[in-house]
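# Geometric and topological summary
Residues per chain are reported as follows:
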Amino acid sequence: MKNFIGIIGTNSDNSTNRLLLQFIQKHFADKANIEICEIKNLPAFNKPEDKKAPYEVQKLADKIRKADGVIISSPEYNHSVPAILKSTLEWLSYTNQALIDKPVMLTGASYGRLGSSRAQTHLRQILDAPELKARIMPSSEFLIGYSLQAFDDNGNLTDQYKIEELEQIFNDFIKFVDITNQLVNTNDSHKKKATNFSWEEN
Amino acid sequence: MKIVGIVGSNADFSYNRILLNFIAKNFKKLIDVEVLDIKDVPMFNQSDDQTNSEAIQYLNKKIVEADGVIIATPEYNHSIPSALQSVLEWLSFKIHPLDGKPVMIVGASYDVQGSSRSQLHLRQILDAPGVNAVVMPGNEFLLGEVHKAFDENENLKDTQTTQFLEGCIKKFIRFINVVNIVESPEGMKDVSSTEDLNATGTIDTTIEGIDMKADDWVEQAAKATGAVEGDAYVKLNRGVLTVNQINHFLNSMPAELTYADSNNQFLYYNYKLEEDEMLASRNPAQVGSPLADCHPERAFSSVAWVIQQLRNGKEDVVRTKVPTHGPDKFVVHNYQAIRDADGNYLGINEYVQDIQPIIDWYLEQTGQLLTGGGVDAASGATTKVDTVSSATVKG
Ligand SMILES: Cc1cc2nc3c(=O)[nH]c(=O)nc-3n(C[C@H](O)[C@H](O)[C@H](O)COP(=O)(O)O)c2cc1C
Ligand SMILES: Cc1cc2nc3c(=O)[nH]c(=O)nc-3n(C[C@H](O)[C@H](O)[C@H](O)COP(=O)(O)O)c2cc1C
C-alpha cells in the first residue's frame, strides 16, 4: 500500500478542490493511504536571509519526504495558480527542497468550463524549475469543470465517466511512482546536483 | 504622464526595486514614475476579504489615478512571485483597477534568461478576465544576471541596455496614447469633428458681440442684455421668485449643476464652492467659454460623443462614475439632455453627485445589505461596470 500526501492548493474555506481530494482519499482507500494537508495557515513567503523554513513549512516538508508521492489539487485564479500555493512552493524550493524527485500527480477543479487547465499548465512549469524538480506524471490532466455542481451531498463525484477517468489516472500514478523511484535511485548524482542548486550561487 | 511602478518582490533587498528606481530617476524628462512596494499587502484569501485594507486601497487609488503601470517582476520558480500573484488576486476580486489600464512589463532575475518565463506567466495573468489589463506587446525588457548589472550608484552599467530601455519607455508612452483612444467610446474613430466644441455658431439665445473667453463674460453679458438680478422678480413655470431666491434654491441642490447650451457654450454653474473643493472643478472666470476651453484636447472625442448621444436623442442621460475620489465616495457625472416641450435639444444639464450617502441611507432604511460583485461562474471574473471613463471634465 502506498502512502501519499494530498495538498489542497488554496486557503479558501469552501473549496471544491478540498472536496475532490477528500473524494480521492475515500474512493482509493483500498489502494493508498492519503493524508490531506492544508496550506492555509502557512506564512507568506518573504525570502528570509537565514533560509530557514518556519515550523509549519518544515512539518509539511517532512511529510512530503516520507510520502511515496504527492497529489496537488489546485484551483485556477487569473489563469494561474493561487498565490498561497505559489508561496508554499517558494518555501519548499528556498529552504528544504523536499519536492526534488518526488512523484507528483496534479488535479484541479474550477467553477468555469475549462476546469483550471491553464492553472495546471503553469503548475507544471513551476514544479519543473530547478529548485523544485518534482517528477510530474506526464499526459495526465484531471480536470473538474463547473466544480460547484460536480459533487453530491455526500461529497461524491456524480459523473460516472469522470470517476472512471480518475481511476485510470490513479492506477497510472501508482505505477509511475514505482518507475520514478527506480529511475531516481539509479541516478543519484543527478539528485545531488539538484539538491545543491541555488539561483543565487549558481 | 503619471506612471505607477510596482515592485513585484516583497524582499527587503530587491533588484527589481533598484531597476524601477533607476527608470524613475533616469527617464524623469519622459515620464513621472512613482515606485510602489507590495510588502504590506496581505496574502490573498477568498474567505477573508481584505479589499478595504489600507495597503490594497492605497495601491488601488494610485493605479486608478495613473495613466499607466510598469510592473517589475522577478522570477521565482519559472513564474512570478507569490507576493505579486497575491496582489493581482486582490486587484481582480472585488475591485478591478487594472481594467483597461496600459501596462508595461519589465523584469530582473539571476538567470541569464532574466525572468523571461515569469514575464510570459505575468502576461497571461494580466490577460485574465478579472484583471483585464492592456499589456504592451513585444518590447520584452529582460535583465538577466542582475547581480552584475548595476554600479555602486545603482545605475545600469551597460549603456546599450539603458538605450534599449529608453526605447521601450518611449514606445510605452505612445502605447498609452493609443490605448486611450481605443478605450474611448467610439474606439479608434475620432468623433470630435461631429460637434462644434468651439461654439463658433449662434443660436437664438446666444449673446453676441462679447468675447466668450473673457474672465468677466458674465458681467459683460449681463450688461449687454440688461439682465435682472438681486430682488427683481422673475415669472417661472410655475411660480414667481426673485433672482436671489433662484440662486439660493439652485445652490441648495445636492449636486454641482452646470448648464451648457446647444451651441456648446458653458453658460452657468451653481457657484457655491471654490474650484479645489468641487467634485468636478469649475471657476467663475470659465463661465461663457466654449466647451473646448473647459476640457483637455484628448477628451474632445469623448465629450463630442456624449453630446451626440443627447443631441440625436439616442439617450436622455449619459452617466459616468469617477473613481478618483477614494473609497468613501461614489461620484457620478450625469449628462442630462435639456429639451423643450417639442423635444428639441437645448443643451446639457450636467449634475455631479456623490451618491454614496443616498445608498447608505437606503440600506439603513430598508435593512438590506450589499452582496458585493458575485463571481461570474463561466469566466471567474466578477461583474464589472462599464464606464465612459474619459468623458469626465478635467478643469
Ligand atoms: C481572484 C480570483 C480569480 C479567479 N480566476 C479564475 C480563472 O482565471 N479561471 C477560472 O476558471 N476560475 C477563476 N476563478 C474562480 C475559481 O474557479 C474558483 O474560485 C476556484 O477555482 C474553485 O476552486 P475551490 O473551489 O477549490 O476554491 C477565480 C477566483 C478568484 C477568487
Ligand atoms: C524561491 C525562489 C525561486 C527562484 N527561482 C528563480 C527562477 O526560476 N529563475 C531565475 O532566474 N531566478 C530565480 N530566483 C532568483 C531570483 O532571480 C533572485 O532572487 C532575484 O534577485 C529576485 O529579484 P529581486 O531581487 O527583485 O527580489 C529565485 C529566487 C527565489 C527566492
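Residues numbered from 1 in each chain as written. Chains lettered and ligands numbered in written order. Predicted model: local features only at pLDDT ≥ 70, side-chain atom pairs only at ≥ 80, totals over all residues. Heavy atoms only, no water.

All names here are of chain A. Ile72, Leu89, Leu99 and Leu127 are the most contacted members of the largest nonpolar core, which has 35 residues in total. For this core, the elements supplying multiple residues, two or more each, are strand E1 (2-8), helix H2 (55-66), strand E3 (69-74), helix H3 (83-94), strand E4 (103-109) and helix H4 (117-127). The element that contributes the greatest number of residues to this core is H3, accounting for seven residues. Apart from residues no more than four positions distant in its own chain, Leu99 is found in contact with Ile64, Val70, Leu89, Leu92, Val104, Leu127, Leu132, Lys133 and Ala134. (Core = buried A, V, L, I, M, F, W, Y, C linked by side-chain atoms within 4.5 Å. Buried < 20%, exposed > 50% of the residue type's maximum accessible area, 1.4 Å probe, protein only. Helix = DSSP H or I, 4+ residues; strand = E, 2+ residues; numbered from the N terminus. Contact = heavy atoms within 4.5 Å.)

Attention now moves to the sheet that holds strand E11 (residues 317-322) of chain B. Residues and elements named next belong to chain B. Read from one edge of the open sheet, five strands run E10-E9-E13-E12-E11, paired in antiparallel fashion. Two strands bound the open sheet, and with one partner strand each, they are strand E10 (266-269) and E11. Here the strands of the sheet are splayed against their neighbours by 20 degrees on average, with no regard to which way each runs. As paired strands, strand E9 (residues 256-261) and strand E13 (residues 345-354) are joined by six bridges and run antiparallel to one another. What sits directly across from Tyr259, in E13, is Asn349. Packed onto the sheet, helix H8 (residues 300-311) meets E11, strand E12 (331-339) and E13 and runs at close to 45 degrees relative to E12. (Pairing = 2+ DSSP bridges. Axes fitted to C-alpha atoms, helices over the stretch in contact; angles between N-to-C directions.)

Our focus in this paragraph is the site of ligand 1. Around ligand 1, a shell composed of 17 residues is seen, among which Ser15, Thr16, Asn17, Glu76 and Asn78 of chain A lie nearest. The residues that come close to ligand 1 belong to more than one chain, namely chains A and B. With respect to ligand 1, the side chain of Thr16 of chain A contributes an N or O atom lying 2.5 Å from an oxygen atom. Note that an oxygen atom of ligand 1 is positioned 3.4 Å from one of the backbone N or O atoms of Ala109 of chain A. Expressed as a share of its isolated accessible area of 620 Å², the protein-covered part of ligand 1 is 98%. (Near = heavy atom within 4 Å. Polar contact = N/O pair within 3.5 Å; in protein donor to acceptor, adjacent residues only side chain to side chain. Areas by Shrake-Rupley, 256 points an atom, 1.4 Å probe, with all protein chains shown as cover.)

We now examine the packing of aromatic side chains. Under the definition given, this model contains 17 aromatic pairs over all chains. Centre to centre, the rings of Phe173 of chain A and Phe176 of chain A are 6.4 Å apart; their planes meet at 25 degrees, and the pair counts as stacked. Taken together, the residues Phe173 of chain A and Phe176 of chain A, both in helix H5 (residues 160-185) and three residues apart, mark about one turn of the helix. Judged by its relative accessible area of 0%, Phe173 of chain A falls in the buried class. Judged by relative accessible area, Phe176 of chain A falls into the buried class, the value being 16%. Plain terms: the ring middles of Tyr15 of chain B and Tyr110 of chain B are 6.2 Å apart, the flat faces sit at 65 degrees to each other, and that makes the pair edge-to-face. Of the two residues, Tyr15 of chain B is situated in helix H1 (residues 15-26) and Tyr110 of chain B in the loop between strand E4 (102-108) and helix H4 (116-126); the sequence distance between them amounts to 95 residues. One residue, Lys51 of chain A, lies across the ring of Tyr94 of chain A, its end atom 4.5 Å from the ring centre. (Phe/Tyr/Trp six-rings, centres within 6.5 Å; stacked < 30°, edge-to-face > 60°. Lys NZ or Arg CZ within 6 Å of the ring centre and 35° of its normal.)

Turning our eyes to something else, we now look at a negative patch on the surface. Residues and elements named next belong to chain B. The grouping of Asp211, Asp215, Asp216 and Glu219 at the surface amounts to a negative patch. The topology assignment puts Glu219 in helix H6 (residues 217-225). Judged by relative accessible area, which is 51%, Glu219 ranks as exposed. (Patch = residues over 30% accessible without salt bridge, like charges linked within 9 Å, V, L, I, M, F, W, Y side chains within 5 Å. Salt bridge = Lys/Arg side-chain N within 4 Å of Asp/Glu carboxyl O. Lys, Arg positive; Asp, Glu negative; His and termini not counted. Charge placed at Lys NZ, Arg CZ, Asp CG, Glu CD.)

This part covers the packing of H3 of chain A against helix H3 (residues 82-90) of chain B. With their axes 8 Å apart at the nearest point, H3 of chain A and H3 of chain B run at an angle of 175 degrees to one another. It follows from the interaxial angle that H3 of chain A and H3 of chain B lie roughly antiparallel. Contact residues: H3 of chain A offers Ala83, Lys86, Ser87 and Glu90 of chain A, while H3 of chain B offers Ser82, Gln85, Ser86 and Glu89 of chain B. Classifying every residue of the contact of H3 of chain A with H3 of chain B by side-chain character gives one nonpolar, four polar and three charged. (Parallel < 35°, antiparallel > 145°, perpendicular 65-115°, else oblique. Nonpolar A, V, L, I, M, F, W, Y, C, P; charged D, E, K, R; others polar.)

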